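Read off the chains here:
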Number of protein chains: 2
Amino acid sequence: MNNDKMTKDFIGDLSAKIQAQNARGVKELIGDLHPADIAEIFGELSTDEQSYVIDLLDNEISADILLELEEEDRRKILRTFSAKEIADEVITEMDTDDAADIISELSDRQKVEVISQIEDQEHAKEIVELLKFDDDTAGGLMGKEFIKVNKDWSILTAVKQMRRQAEEMEQVFSIYVVDDEDKLLGILSLKKLLTTSSNTKIEDVYNDKIQYVNTFTKDVEVANIITKYDLYEIPVVDELKRLVGVITVDDVIDVIREEAEENYQLAAGITQNVDTDDSIWRLTRARIPWLLIGMFGGIGAAGIMNGLNDELAQYTILLTFVPLIQSTAGNVGIQSSAIVVQSLANGSLKNSSVVKLLSKEFLLGLLNGLIIAVVVLSISHFVFGTTYKISITICLALITVIINAAIIGTFIPMLLHKRGMDPAVSTGPFITTSNDILGVFIYFMIAKVILGF
Amino acid sequence: MNNDKMTKDFIGDLSAKIQAQNARGVKELIGDLHPADIAEIFGELSTDEQSYVIDLLDNEISADILLELEEEDRRKILRTFSAKEIADEVITEMDTDDAADIISELSDRQKVEVISQIEDQEHAKEIVELLKFDDDTAGGLMGKEFIKVNKDWSILTAVKQMRRQAEEMEQVFSIYVVDDEDKLLGILSLKKLLTTSSNTKIEDVYNDKIQYVNTFTKDVEVANIITKYDLYEIPVVDELKRLVGVITVDDVIDVIREEAEENYQLAAGITQNVDTDDSIWRLTRARIPWLLIGMFGGIGAAGIMNGLNDELAQYTILLTFVPLIQSTAGNVGIQSSAIVVQSLANGSLKNSSVVKLLSKEFLLGLLNGLIIAVVVLSISHFVFGTTYKISITICLALITVIINAAIIGTFIPMLLHKRGMDPAVSTGPFITTSNDILGVFIYFMIAKVILGF
């Protein structure tokens, strides 16, 4: 879309025409736009204005716009619709996977009402079937729109079947070949279909070397497979290897994006998916948990130092190096955990053993610790004029803290992953806070031993 | 691939057969695997073993394996090949975009040699054309494999042309419609082609509402467009709107993944793309820069406190709260910058003004600061028994530092973005270090004013 469509003038003009119930004017302004662009414009309109536009436009375009909106905005608009309207104007126009997504967002009561209002019984049955799968599995991602042919048919029959089955589909990539029991055997590419003589039997020309997933395969795993093999879609089979759905690459891109954004936000200490447009309350809800956890870490560190108050009165110089110890521990912990989380996410950390990884992190920590310690040793000695013993204390503490942070940062995400939890939650608050407190604790323990207070 | 293919037994068996130059045995073991799976197995083999397998397998499969490898591994293998071998066995088998990527990794001398050895002059010309585009633009992503038809042709002519042009292509999605000057007019879907009578003129049935990009469009922007409109491929035009290439969604997924991984790693203070498999040296190179920057931040903070040493001797309690101030500042800074970076990356931060964002961050900081300050006030007063003045100092400092960190964390990435730099670099070292030093500085300045030392 041209960016000038989003100018204040354009939005003002559109709002005015909506207020004036000038249907023709509104259609002239946005009738030619792509639904994704209209959805973007919706960000600048009130819910009432949005509902007016949705009512006004063709059902097919309205359904597409609704799909592009954020869940919250969509819910607000759908609240102004009756169950029958949702069924007739929205669900009927959608692919089964999108329809199931929208219906799963409704309340239980509304779900039943909307489904009972869907006129096309076949469509309704398929949607109900999809509703039983978890959101984050292949079953939750797949759609029922695909073309399948029997291995015993001829190419000519396949073309005819394809024309019939493809009617409801926007885009056709592959034709799936099944046996009499509906078991997935392979695919026939459109290219093959176009370039093979029409009385050839499908059995003789289809490709049986294909990738597929089960309904229960995790969405992230599906994304990794699609990416690894550069696929445009992947068939989904049930426990009996019967073809039950197909996942297209656009759904998988959303999975990749969401997973990456979630990991990123967790690493940055943000607990909900937010962006700059969200309200201050929502942003605060997403940000305050980590700040509070971090705060308790800082207070814990203060507690440790406070407990040593008398001993430390003669060693205030030790206190001035606490920020150094602490930020170094935090940085190392985040680095280590981020590498593990990412390697787990993109599937590259499959075959490494925990022991091997931890010993590597130990060596890494030692190496990084030595480098940092040498630099700090010179600076603290020559610039701050710290005594020999204090310099040694600081450096020894740095090395220990770095190794400790590297090992914790590696171990925790691996542990979470093994227990079936999302390792990304460990990158933010947990690693930082535990390293804050542990770092300060280790520092003063080492000081106690060396300085003997 | 079955995971059992990656067992030690399997790799051991394969290695033994390679050592014994048992070509048939090797082929039996891996001949049926997908190139992406063989590339994964390559991770467990030496370069010599890899070269043996590449030599052994069909050129087409070898080329696919090479494409799946990491750049470093690919380079090692290609070093054992002559320019003629690279041209004949590798480049000839590849799509133009992949071929251009591989050639661009070679030394300048090798580039010329390999190109001069490509037998198919048309293929060579297309590759040379692609080489002139920057890696991170649409021109650098696009391939020359697409089907185009003239608007004046009939469907029948189009089908014939398609069959001819499609010969070299793995997958066909769309047929591009151009005029006599080669200017892009629209697309004809395969579905339309299959369902329209053969003497219809293309002009009458093609779809002119399509998305396209220019050769100079940034790769991240291309990814956003493909995601936004749920496309499988997008045509690329030159300055005269002539169709010059097509970008497929699999290339774009790589862009999305790489961008997300890069932002994530930068936020975690990692300066190079690494994973757990990399060598300790490489991991250290990626991790030490931020640790050093963070170290200087910590030393800077120590310097500030050291300068106030005499005054602080009577206020050691102030020093014990430095970790709290510092980690809070760091956390807020990362949160704010991460939200901006992500909103910039996914394109949702297009229409907001800097002033609006900064005032929002100010309010957010104030709100978060107040919440944290109230909690800290009670704890410091009741648990640590700090005096009234010191409690006020700590809380006022917390609020100021949080607001300051929120504003810096928002402003810096927006500034970098405006200057055409990657805003993600600001999430890690820069924000943290500047907040470390600034936080401590603000804290003691406020203490100075309130406590009057």
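See the structure above.
Asker: Before we go on, may I ask you to explain the overall build of chain A in this structure?
Answerer: Tallying secondary structure elements over chain A gives 23 helices and 6 strands in all. Relative to a compact globule of 453 residues, whose C-alpha radius of gyration would be 22 Å, chain A shows 30 Å and is clearly more extended. Principal axes of the C-alpha set define a box for chain A whose edges measure 90 × 65 × 40 Å. Scored against the burial criterion, the 453 residues of chain A give a buried share of 55%. Nonlocal contacts in chain A, meaning residues at least 24 apart in sequence, comprise 66% of its contacts between residues at least 6 apart. Within the structure as shown, chain A displays about 19,600 Å² of accessible surface, and the carbon and sulfur contribution to it stands at 52%. Averaged over its 40 positive side-chain charges, chain A has a centre that lies 6 Å from the centre of its 71 negative ones.

Asker: So what exactly am I meant to see when it comes to the nonpolar core here?
Answerer: Soluble globular proteins tend to pack their nonpolar side chains together in the buried interior. Counting residues in hydrophobic clusters, the biggest one holds 128 residues, and the most contacted among them are Ile30(A), Ile247(A) and Ile30(B). Here Ile30(A) is in contact with Phe10(A), Leu14(A), Ile38(A), Ile41(A), Val53(A) and Leu57(A), once residues within four sequence places are set aside. Met295(A), Leu318(A), Ile402(A) and Ile372(B) belong to the second-largest nonpolar core, a separate cluster that totals 79 residues.

Asker: What am I meant to see in the interface of chain B and chain A here?
Answerer: By convention, interface size is frequently given as the accessible area that disappears when the constituent parts associate. Counting residues at the interface gives 116 residues for chain B and 116 residues for chain A. Taking both partners together, chain B and chain A bury about 10,800 Å²; carbon and sulfur atoms supply 63% of that area. Summed over the shared surface of chain B and chain A, the result is 8 salt bridges. In this structure, Arg287(A) and Glu361(B) form a salt bridge, with 3.3 Å as the shortest nitrogen-oxygen distance. Taken together, the links from chain B to chain A amount to 26 residue pairs in polar contact (both at pLDDT 80 or more). Broken down by class, the residue content of the side of chain B that touches chain A amounts to 58 nonpolar, 35 polar and 23 charged.

Asker: How do you make sense of unusual backbone geometry when you look at a structure like this?
Answerer: It is generally the case that most residues other than glycine have a negative phi and that most peptide bonds are trans. All names here are of chain A. The phi dihedral of Asp182 is positive, around 75°, even though this residue is not glycine. Here Asp182 shows up in the loop between β2 (174–178) and β3 (184–189). The residue Asp230 is not glycine, and still its phi comes out positive at about 50°. Within the element layout of this structure, Asp230 appears in the loop between α15 (219–228) and β5 (233–237).

Asker: Would you mind going over the side chain of Asn435(B) with me for this structure?
Answerer: When you line up the elements, Asn435(B) lands in helix α23 (residues 429–451). When residues no more than four places from it in sequence are discounted, the contact partners of Asn435(B) are Ala329(B), Gly330(B), Gly333(B), Asn404(B), Ala405(B) and Ile408(B).

Asker: Help me out: how do you make sense of the relation of the copies chain B and chain A in this one?
Answerer: Both copies of the chain are related by one operation, a rotation about an axis with a shift along it. For the pair chain B and chain A, the superposition axis carries a translation of 0.0 Å, the fit reaches an RMSD of 0.1 Å, and the rotation angle comes to 180°. Viewed as a symmetry operation, the transformation between the two copies matches a two-fold axis. When the interface residues of chain B are mapped onto chain A, 100% of them again lie at the interface, so the same face is used by both copies.

Asker: Help me understand the sheet that holds strand β1 (residues 147–150) of chain A, please; the structure alone is not making it clear to me.
Answerer: Strand pairing in a sheet is mediated by backbone hydrogen bonds. Such pairs are either parallel or antiparallel. Residues and elements named next belong to chain A. Spatially, β1-β2-β3 is the arrangement adopted by the 3 strands of the open sheet, whose pairing is mixed. This sheet does not close on itself; its edge strands, each paired only once, are β1 and β3. The average undirected angle you get between the axes of adjacent strands in this sheet is 35°. One ladder, built from 4 bridges, connects β1 with β2; its direction is parallel. For Val149, the partnering residue across the bridge sits in β2 and is Val177. Those strands touched by helix α12 (residues 155–166) are β1, β2 and β3, and its axis lies near 155° from that of β1.

Asker: Could you clarify how one ought to interpret the packing of helix α7 (residues 83–90) of chain A against helix α9 (residues 108–117) of chain A in this entry?
Answerer: Helix-helix packing: each pair is described by the crossing angle between the helix axes and the interaxial distance. Residue and element names in this part refer to chain A. Direction vectors running N to C along α7 and α9 enclose 50°, while the axes themselves pass 8 Å from each other. If you check the angle between α7 and α9, you find them oblique. Between α7 and α9 lies a crossing of right-handed hand. Counted together, Ala83, Lys84, Ile86, Ala87 and Asp88 of α7 and Gln110, Glu113, Val114 and Gln117 of α9 form the full contact between these two elements. Its residues assigned to classes, the contact of α7 with α9 shows 4 nonpolar, 2 polar and 3 charged.

Asker: Any chance you could explain a negative patch on the surface here in plain terms?
Answerer: Where like charges cluster on the molecular surface, the negative patch consists of Asp58(A), Glu60(A), Asp64(A), Glu68(A), Glu93(A), Asp254(A), Glu258(A), Glu262(A) and Asp230(B). Taken together, the elements giving at least two residues each to the negative patch come down to α5 (59–68) and α16 (249–267) of chain A. If you trace the backbone, Glu60(A) turns up in helix α5.

Asker: Can you walk me through the packing of aromatic side chains in this structure?
Answerer: Note on aromatic pairs: each is described by the distance of the centres and the angle between the planes. Residues and elements named next belong to chain A. A full pass over the atoms with the stated rule returns 2 aromatic pairs over all chains. Ring centres of Tyr443 and Phe444 lie 5.0 Å apart, and the angle between their planes is 45°; this geometry places the pair in the tilted category. By relative accessible area, which is 0% here, Phe444 ends up buried.

Asker: I keep staring at the packing of helix α8 (residues 96–104) of chain A against helix α10 (residues 121–131) of chain A and nothing clicks. Help me out?
Answerer: All names here are of chain A. Where α8 contacts α10, the two axes come as close as 9 Å, and the packing angle between them is 65°. Handedness of the α8/α10 crossing: right-handed. Contacts between α8 and α10 involve Thr96, Asp97, Ala99, Ala100, Ile103 and Ser104 from the former and His123, Glu126, Ile127, Leu130 and Leu131 from the latter. A breakdown of the residues in the contact of α8 with α10 according to their chemical character gives 6 nonpolar, 3 polar and 2 charged.

Asker: When you look at the pattern of salt bridges in this model, what are you seeing that I'm missing?
Answerer: When their charged atoms lie close together, side chains carrying opposite charge are able to pair. As enumerated under the stated definition, the model contains 34 salt bridges over all chains in all. The closest approach of N and O atoms between Asp152(A) and Lys151(A), which form a salt bridge, is 3.3 Å. In this structure, Glu71(B) and Arg75(B) form a salt bridge, with 2.3 Å as the shortest nitrogen-oxygen distance. Of this pair, Glu71(B) and Arg75(B) are both found in helix α6 (residues 71–78), 4 residues apart, which corresponds to roughly one turn of the helix. Each of Asp37(A), Glu40(A) and Lys228(B) takes part in a single network of salt bridges with overlapping partners.

Asker: Would you explain the sheet that holds strand β6 (residues 243–248) of chain A in this entry?
Answerer: Residue and element names in this part refer to chain A. An order of β4-β5-β6 is seen for the 3 strands of this open sheet, with the pairing classed as mixed. Each edge of the open sheet is held by one strand with a lone partner, namely β4 (213–214) and β6. When β5 meets β6, the two strands line up antiparallel, connected through 5 bridges. The residue bridging Ile234 from the neighbouring strand is Ile247, located in β6. Sheet strands in contact with α15 are β4, β5 and β6, and its direction is about 135° off that of β5.

Asker: Help me out: how do you make sense of the pairing of strand β2 (residues 174–178) of chain B in this one?
Answerer: In regular strands, side chains alternate between the two faces of the sheet. Residue and element names in this part refer to chain B. The element β2 is largely enclosed, with a buried count of 5 among its 5 residues. Here β2 shows two buried faces, one formed by Ser174, Tyr176 and Val178 and the other by Ile175 and Val177. As paired strands, β2 and strand β3 (residues 184–189) are joined by 5 bridges and run antiparallel to one another. By the bridge assignment for β3, Ser174 is matched with Ser189. Between β2 and β3, which pair antiparallel one after the other, the connecting turn spans 5 residues, and Asp182 there sits at a positive phi close to 75°.

Asker: I tried to follow the environment of Leu344(B) on my own but got confused; where do I start?
Answerer: Residues and elements named next belong to chain B. Topologically, Leu344 is positioned in helix α20 (residues 322–345). The buried category is assigned to Leu344, whose relative accessible area is 14%. For the pair Leu344 and Lys241, spaced 103 residues apart in sequence, the C-alpha separation works out to 28 Å. Residues contacting Leu344, with those up to four places away along its chain left out, are Leu349, Pro413, His417 and Pro423.

Asker: Before we go on, may I ask you to explain the side chain of Ser327(B) in this structure?
Answerer: Of note, Ser327(B) is situated in helix α20. Those residues in contact with Ser327(B) that lie beyond four places of it in its chain are Gly294(A), Gln326(A) and Asp436(A).

The rules behind the values
Residues numbered from 1 in each chain as written. Chains lettered and ligands numbered in written order. Predicted model: local features only at pLDDT ≥ 70, side-chain atom pairs only at ≥ 80, totals over all residues. Heavy atoms only, no water. Helix = DSSP H or I, 4+ residues; strand = E, 2+ residues; numbered from the N terminus. Rg over C-alpha atoms; globule rule 2.2 N^0.38 Å. Buried < 20%, exposed > 50% of the residue type's maximum accessible area, 1.4 Å probe, protein only. Contact = heavy atoms within 4.5 Å. Areas by Shrake-Rupley, 256 points an atom, 1.4 Å probe, with all protein chains shown as cover. Lys, Arg positive; Asp, Glu negative; His and termini not counted. Charge placed at Lys NZ, Arg CZ, Asp CG, Glu CD. Core = buried A, V, L, I, M, F, W, Y, C linked by side-chain atoms within 4.5 Å. Buried area = accessible area lost by both parts, 1.4 Å probe. Salt bridge = Lys/Arg side-chain N within 4 Å of Asp/Glu carboxyl O. Polar contact = N/O pair within 3.5 Å; in protein donor to acceptor, adjacent residues only side chain to side chain. Nonpolar A, V, L, I, M, F, W, Y, C, P; charged D, E, K, R; others polar. Least-squares fit on C-alpha atoms with pLDDT ≥ 70 in both. Pairing = 2+ DSSP bridges. Axes fitted to C-alpha atoms, helices over the stretch in contact; angles between N-to-C directions. Parallel < 35°, antiparallel > 145°, perpendicular 65-115°, else oblique. Left-handed = near helix turned anticlockwise from the far one by under 90°. Patch = residues over 30% accessible without salt bridge, like charges linked within 9 Å, V, L, I, M, F, W, Y side chains within 5 Å. Phe/Tyr/Trp six-rings, centres within 6.5 Å; stacked < 30°, edge-to-face > 60°.

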